[in-house]
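# Chains, contacts and geometry: an overview
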Amino acid sequence: LLWHTATSWFDGTGWVLAVTTATLGLLVLGIGSTYIGRFKDQQPSGDNVQQTSRETIVEVNPTEALLKEDAAWLDKTKQAGSASDLSTTSASSDVENDVQSIKSTDCEGDRNLFSKAVVAPGAAIPSIRQSYPYYRYLVLIPLTYAALLAAGFGLNLGGLCAKIWVSGYTASGPALRLLFLLSVCITPLRRLAVLFFRCHILARQESRQLKFRHMVVIPAYKEPHDVLKRTLESLPKKSDGHDVHIVLAMEAKDITHASTFHELDKLFGKAFASFHMTVHTVMPCERPCKASNENYALRTLRADMMAAGMDLWDVMVTVCDADSVFAPDFFNALESAYFGQIDGRRLIYSAPRNTYRNFGKLWNPLISAVECCMNSSDFLADFTEPYVNFSNYSILMGYAVELDFWDPEVIPEDVHVMYKAMICSNGAQSVCRVWSLIANDTVTDFHDRYVQAKRHLWGVTTIAWLVVILKHAPFSVDRILCVLLKTYAAEMSEALTPSAAVLLMLIPGAWRTLRDDSQAFDAVLFLGAMILLGSLLQWLVFFIGEALVWRRQMANLSQDLLERPSWCQVMLHYGLMPLTCPIANFIFGNVACWHSVCNAFWSSEFEYVIAPKA
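Not measured: the values here are computed from a predicted model.

Scanning the protein chain from terminus to terminus reveals 20 helices and 11 strands. Relative to its full complement of 614 residues, the protein chain shows a buried share of 51%. Of the roughly 28,000 Å² of accessible surface on the protein chain, 62% is carried by carbon and sulfur atoms.

Rendered as structure tokens:
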């Protein structure tokens, strides 16, 4: 079969197309190399970049100033009988400078880890700043992909694949064809099993007395008062016997931060175990973003806890967006997930993504399609897929210290901290699913949603950071890097290099090859039946999952805090979804990702734009 295909494939036209495509591909790569050469010795844009050349990477510690403040705060703890000497360095510093001496009381077993001088593993991980010189090389990934697709089209790979499929179908019997049909059902059936398992878990969860001290950190920058009020109303109160502490991570550049906090303090100051605010001033080696605000807030909390002699491993920190509405059973589910592990201390806990709080205000079917697809893919992630934490997640304070908190220059800080956790755990799965719900707002304006998509897909720059880890990390990265690349591919490959483009490349060649072949009709009909069956099963599981979310989980939220859609909106959004999903994924996925790659080619700076809240 291969010999027959090879001899009939390379006719005169095929060779001409192959040579033409290869020439165009080399031309594209040559133009890209020319642009890269022009910027080879230039500095990355931005006044805060400290670097001498593209070839020489200067180790810059973006949290040095914060740690000096930590040291000043910790001097005050001597009156409480505890002292710490905090310092971090770049990779070229002495090992002893990585040591953090932390004295804590009531530590038992392995928790003595922080009662003596230890090294925070996260401090050895290269910072995101070191990857800036590699950002402009990201453009070579989609260019190379496009060149390969053009080469495949010129070499008529579609015709080759069509001949192989027809030959395989002709040689197969009924049993093998049945196996082909069953193979397209595996993924939908796995997700259906997740649904049944989830219903079982939800039925088993019971209310329990919380054992952790829960700290809820809410980064807020110019957030509307009503939005923050709604988030605080959804949290469990002290009157219900819960030990929940609130910290608003504000930014000094927001001139309304003091008035906003005082207004909320009047309403909720006595409702929680404590109600505090941290005010962060953006420093030269930081970005004005969520990561820098929560990094500052957590370091401040760490100093206060150490001054009070608290055990950092008894404090569960939950980071959430300002527009979050918590399910009443969220903290019960969080602790159930923790105590369901053999050792749950070094894990990140995250509930499935949900942006349905204000779904009743949404009328754009493209936005609803992309939001529903993203929510469903996380909600129905089967047991073979790694969990990924999004903007709302929980982590023990002791583990946050081990990870060296957050890099204050990272835009997609939620996924970045997951990568850091995977590195520190030798590539192990680092996210545990919480079987509950935190509902957030959907951005209802098309332009605002596209801006938000670009911010989400700025995570495409993570591949540059992985290159830096491979080159400069002072630890073995053989297995770790493989797992990181696999996770990155699962997260970004479809947006950066869409698989649908391969089908578009194969279809014309397959049509030219099979249109005059009368024996190929049954094979093409069978292939169409397989695709149709797989699609129908996937959509069936999708709609069952959406029904479970709306009928079970959303019903548990306070209905006064939700804006439910009408039946007219439900029919509009879900009825058009098979048509709008491909278009929405292309606009808010592929186009936004390529836009981010182009921005990264010209500059390492990214303007963090807060998504409008409903």
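With respect to the secondary-structure elements, Met305 resides in helix α10 (residues 290–307). Judged by relative accessible area, Met305 falls into the buried class, the value being 4%. In this structure the C-alpha to C-alpha distance between Met305 and Val315, which are 10 residues apart in sequence, comes to 9.3 Å. Leave out the neighbours within four places in its chain, and Met305 touches Met215, Met310, Leu312, Val315 and Met397.

In this section: the pairing of strand β3 (residues 213–219). Burial runs high along β3: 6 of the 7 residues are buried. Pairing of β3 with strand β6 (residues 315–319), which is carried by 5 bridges, proceeds in the parallel orientation. Bridging across to β6, Met215 finds its partner in Val317. As defined by bridge partners, β3 adjoins strand β4 (residues 244–251) across 6 bridges and the pair is classed as parallel. Along β4, the bridge assignment pairs Val216 with Ile246.

A word on the packing of aromatic side chains. What the rule picks out here adds up to 29 aromatic pairs. Where Tyr419 meets Trp465, the ring centres are 6.4 Å apart and the plane angle is 70°; that geometry is what we call edge-to-face. Taken together, the residues span a long stretch of sequence, with Tyr419 in helix α14 (residues 413–424) and Trp465 in helix α16 (residues 462–472) at a distance of 46 residues. A ring pair is formed by Phe601 and Trp602, whose centres lie 5.1 Å apart and whose planes are at 85°; its orientation type is edge-to-face. On the accessibility criterion, Phe601 (8% relative accessible area) is buried. Cluster of aromatic residues (ring-pair linked, three or more members): Tyr132, Tyr135, Trp458 and Phe606.

All right, on to helix α8 (residues 225–233) then. Those residues of α8 that sit buried are Val227, Leu228, Arg230, Thr231 and Leu232. Structurally, α8 contributes buried residues whose contacts are with β3, β4, α9 (257–268), β5 (274–280) and β7 (325–326).

Bringing unusual backbone geometry into the picture now. With the exception of glycine, the majority of residues adopt a negative phi angle, and the majority of peptide bonds are in the trans configuration. Positive phi outside glycine occurs at Asn156, with the angle close to 60°. Its place among the elements puts Asn156 in the loop between α4 (140–154) and α5 (157–171). Despite not being glycine, Asn426 shows a phi value in the positive range, around 60°. In this fold, Asn426 is placed in the loop between α14 and β10 (431–433).

Our next topic: the packing of helix α6 (residues 174–183) against helix α19 (residues 521–553). Orientation of α6 relative to α19, taken along the N-to-C sense of each, is 30°, at an axis distance of 9 Å. With respect to their mutual orientation, α6 and α19 come out roughly parallel. Residue-level inspection shows Arg177, Phe180, Leu181 and Ser183 of α6 in contact with α19, the latter providing Phe526, Met530 and Leu533. For the contact of α6 with α19, the class distribution of residues is 5 nonpolar, 1 polar and 1 charged.

Attention now moves to the confidence of the model for the protein chain. Of the residues in the protein chain, 78% reach a pLDDT of 70 or more, and the chain-wide mean stands at 80. Averaged over each element, pLDDT in the protein chain is lowest for strand β1 (residues 99–100) (31) and highest for strand β9 (residues 393–396) (97). Contacts of residues 34–69 to residues separated by more than four positions or lying in other chains number 80 contacts, the stretch itself having pLDDT below 50. Segment residues 76–119: pLDDT under 50, and 78 contacts once partners within four positions in sequence are set aside and those in other chains are kept.

Next up on the list: the pairing of β6. When you tally the buried positions in β6, you get 5 out of 5 residues, the bulk of the element. Here β6 shows two buried faces, one formed by Val315, Val317 and Val319 and the other by Met316 and Thr318. In this structure, β6 lies alongside β9, joined through 4 bridges in antiparallel fashion. Looking across to β9, one finds that Met316 is bridged to Leu396.

It is worth spelling out the packing of α19 against helix α20 (residues 567–602) at this point. Contact geometry for α19 and α20: axes closest at 12 Å, N-to-C directions at 130°. With respect to each other, α19 and α20 are oriented oblique. The chirality of how α19 crosses α20 is right-handed. Contacts from Trp539, Phe542, Phe543, Glu546 and Trp550 of α19 reach α20 at Tyr574, Met577, Pro578 and Cys581.

Bringing the pattern of salt bridges into the picture now. Within this structure, the stated rule accounts for 14 salt bridges. In this structure, the salt-bridge partner of Arg345 is Asp343, at a minimum N-O distance of 2.8 Å. Arg345 sits in the buried class, given a relative accessible area of 8%. A residue is classified by how much of its surface remains accessible, and Asp343, at 40% relative accessible area, is partly exposed. Salt-bridge contacts for Lys361 lead to Glu563; the nearest nitrogen and oxygen are separated by 3.9 Å.

Glancing now at the environment of Asp254. Along the polypeptide, Asp254 turns up in the loop between β4 and α9. Measuring from C-alpha to C-alpha, the distance between Asp254 and His280 comes to 9.9 Å, with 26 residues separating the pair along the chain. Excluding its chain neighbours within four sequence positions, the residues that come into contact with Asp254 are Tyr221 and Lys222.

So, how was this worked out
- Sequence order as written defines residue numbering, which begins from 1 separately in each chain.
- The model is predicted, so local features are restricted to residues of pLDDT at least 70 and side-chain atom pairs to those at 80 or more, both for listing and for counting; the totals for chains, interfaces and linings are taken over all residues.
- Only hydrogens and water are removed before side-chain values are computed, so all heavy atoms of the structure are retained for them.
- Comment: elements are numbered from the N terminus, with helices defined as DSSP H or I runs of at least four residues and strands as E runs of at least two.
- Relative accessibility decides the category of a residue: with a 1.4 Å probe and only protein chains considered, values under 20% of the type maximum give buried, values over 50% give exposed, and everything between is partly exposed.
- Using a 1.4 Å probe, the Shrake-Rupley method yields the accessible areas, and only the shown protein chains count as cover for residues.
- When checking whether two residues touch, look at their non-hydrogen atoms; a contact exists if any pair is within 4.5 Å.
- Pairing between strands is defined by DSSP: at least two bridges between the two strands are required.
- Any two rings among Phe, Tyr and Trp, with Trp reduced to its six-membered ring, count as a pair given centres within 6.5 Å; such a pair is stacked if its planes are under 30 degrees apart, edge-to-face if over 60, and tilted if neither.
- Each axis is a line fitted through C-alpha atoms, taken for helices only over the stretch in contact, and angles between the N-to-C directions span 0 to 180 degrees.
- Note on angle classes: values under 35 degrees are labelled roughly parallel, values over 145 roughly antiparallel, values of 65 to 115 roughly perpendicular, and the remainder oblique.
- Residues were grouped as follows: Ala, Val, Leu, Ile, Met, Phe, Trp, Tyr, Cys and Pro as nonpolar; Asp, Glu, Lys and Arg as charged; and all remaining residues, including Gly, as polar.
- As a per-residue measure, pLDDT reflects the predictor's confidence and takes values from 0 up to 100.
- Two helices crossing with the near one rotated counterclockwise from the far one by less than a right angle form a left-handed crossing, whereas a clockwise rotation gives a right-handed crossing.
- Throughout this description, the term salt bridge denotes a Lys or Arg side-chain nitrogen within 4 Å of a carboxyl oxygen of Asp or Glu.

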